[in-house]
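# Coordinates in review
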Amino acid sequence: AHPRFATEWWYVTGHLTPKGRPDAPPSGFQLTFFRVSAAASPIATLPGRLAISDLYLAHFALVDERRFTHAERLARPGPGWASTSDLDVGTDGWTLRRVPGRTPETWALAARAGGGALELELSPARPHTVHGEDGVHRKGTCAECLSHYISVTRLDARGTLTRDGAKSEVQGQAWFDHEFMSGGLDRGQTGWDWMGLHLSDGSDLMVARVRGDPDRVDGTLVDPSRPGPTRLPLGSVTLVTRGTWHSPKSAGTYPVRQSLEIKQERLQRELEPVREDQELSTAGTTGVTYWEGLMRVKGTRDGKPVTGLGYLEMTGYAGAAPLTPSGPGGSR
């Protein structure tokens, strides 16, 4: 944790199949922990031991071809925490922590809500990646329109998944993002589309589009055949909407089908969701409605077929996005 910064999150998304059945239809998961400065909240001004400096929030979602469920948590220090010395975060019983002394390095993830539960061990299969200029990923042109952004783009996952009381052993791959910032988006920017994709040629792809006038689209390609990550600068990635889904709950319309092209990599992709309705409404915590879902990927690289799985996140299509100057969690 980096308490000097106003906003921070730890994101884990991934795709899982039953143990020993890698060709089975995948399930997806998202578990996110947020640390948000409470300075703008009246609770932070309470006297003495009641005063707090941070709020801790979490979102948990599970999806497969038949159903999508999500839950949220909000806590003050005590039920919520974030270590400043190691990977150890949690909110009201949901946890993500590094297991001390384990070789290879192992992280433990656990969350339970309603009829769904997930317990995983995650082992980093790649070194960490920093995005942007030395880990500073710019969102806009203002001085504070940036985040410090670090990922482990591929982790091997194994453990148990419970849906409606039925528990099964699973295995798969996960993606971990850690960002911290004190600013956010620029004036006139309305939200972002973010994707983290695991491709069948062994590479991992992050693309971020911050929507505005003009849009800012950049990314990072992690290719195991190269000595380090490849920066994809502004102007190198093209995204085109191929189909939308309209939410009956929020009235938001999301571009859930997109095509992606990176000419310098001779890479073309088509993305489509496992399910269209993967919208999270988080009125009890962040107050933001957004779409975050498991995607199937197909396309080519150097003229050869490549498939994949990954996650797409879209904010600002149903009300204000996080980190907007006038929106929830925005810079004040």
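Check the entry above for the structure.
In what follows, the accompanying structure is described. (Residues numbered from 1 in each chain as written. Predicted model: local features only at pLDDT ≥ 70, side-chain atom pairs only at ≥ 80, totals over all residues. Heavy atoms only, no water.)

### With respect to the overall build of the chain
From N to C terminus, the chain includes zero helices and 23 strands. Here the chain has a C-alpha radius of gyration of 19 Å; the compact-globule value for 332 residues is 20 Å, and the two agree. For the chain, the spread of C-alpha atoms along the three principal axes comes to 65 × 50 × 45 Å. If you take every contact in the chain between residues at least 6 apart in sequence, the share linking residues at least 24 apart comes to 55%. Carbon and sulfur atoms form 51% of the exposed surface of the chain, whose accessible area is close to 14,600 Å². (Helix = DSSP H or I, 4+ residues; strand = E, 2+ residues; numbered from the N terminus. Rg over C-alpha atoms; globule rule 2.2 N^0.38 Å. Contact = heavy atoms within 4.5 Å. Areas by Shrake-Rupley, 256 points an atom, 1.4 Å probe, with all protein chains shown as cover.)

### Observations regarding the nonpolar core
L96 and L122 are the most contacted members of the largest nonpolar core, which has 31 residues in total. Elements represented by at least two residues in this core include exactly β1 (7-18), β2 (27-37), β3 (54-63), β7 (94-98), β8 (107-113), β9 (116-124), β12 (146-163) and β13 (166-181). Once you skip the residues sitting within four places of it in the chain, L122 turns out to touch V12, L96, E105, T106, W107, L109, L155, D156, A157 and A174. In this structure, L197, V217, L221 and V237 belong to the second largest nonpolar core, which totals 24 residues. (Core = buried A, V, L, I, M, F, W, Y, C linked by side-chain atoms within 4.5 Å. Buried < 20%, exposed > 50% of the residue type's maximum accessible area, 1.4 Å probe, protein only.)

### Regarding the side chain of E179
Of note, E179 is situated in strand β13. Here E179 falls in the buried class, since its relative accessible area comes to 7%. Among the polar contacts listed, one links the side chain of E179 to the side chain of S147, at a separation of 2.5 Å. Not counting residues within four places of it along the chain, the set of residues in contact with E179 comprises T7, E8, W9, K139, S147, H148 and Y149. (Polar contact = N/O pair within 3.5 Å; in protein donor to acceptor, adjacent residues only side chain to side chain.)

### Describing the pairing of β2
In terms of burial, β2 is largely enclosed, as nine of its 11 residues are buried. Here β2 pairs with β3 via 10 bridges, running antiparallel. Across the sheet, T32 pairs through a bridge with H59, a residue of β3. (Pairing = 2+ DSSP bridges.)

### Details of the pairing of β12
Of all the 18 residues making up β12, 13 are buried; the element is thus mostly covered by neighbouring parts of the structure. Pairing of β9 with β12, which is carried by nine bridges, proceeds in the antiparallel orientation. Considered in β12, the bridge of L122 is made with A157. In this sheet, β12 lies alongside strand β11 (residues 136-138) in antiparallel orientation, the contact comprising three bridges. Bridge assignment links V136 to a residue of β12, and that residue is H148. The pairing of β12 with β13 spans 14 bridges and is antiparallel. The residue bridging H148 from the neighbouring strand is F180, located in β13.

### Describing the packing of aromatic side chains
Applying the stated criterion across every chain yields a total of 10 aromatic pairs. With a centroid separation of 6.3 Å and 85° between ring planes, the pair formed by Y11 and F34 is classed as edge-to-face. Separated by 23 residues along the polypeptide, Y11 in strand β1 and F34 in strand β2 bring together distant segments of the chain. Each member of the pair, Y11 together with F34, is buried. Relative to W194, the ring of W175 has its centre 6.1 Å away and its plane inclined at 80°; by these criteria the two rings are edge-to-face. Here W194 lies in strand β14 (residues 191-199) and W175 lies in strand β13, a separation of 19 residues in the sequence. Here W175 falls in the buried class, since its relative accessible area comes to 2%. Look at W194 and you get buried, because its relative accessible area is 8%. In textbook terms, an aromatic cluster arises when at least three aromatic residues are bridged by ring pairs, as seen for W9, Y11, F34 and W192. It is R211 that lies over the ring of Y317; its NZ or CZ is 3.8 Å from the centre. (Phe/Tyr/Trp six-rings, centres within 6.5 Å; stacked < 30°, edge-to-face > 60°. Lys NZ or Arg CZ within 6 Å of the ring centre and 35° of its normal.)

### A few points about unusual backbone geometry
In this structure, the amide linkage connecting T103 to the following residue, P104, adopts the cis form with an omega of 0°. If you trace the backbone, P104 turns up in the loop between β7 and β8. In the segment running from D213 into P214, the intervening peptide bond is cis, with an omega of 5°. One can find P214 in the loop between β15 (204-211) and β16 (216-222). A positive phi angle, near 55°, is found at D134, a position not held by glycine. Note on placement: D134 falls in the loop between β10 (129-130) and β11. Even without glycine at this site, D164 takes up a positive phi of about 55°. Position of D164 relative to the elements: it lies in the loop between β12 and β13. The exposure class of D164 is exposed, given its relative accessible area of 60%.

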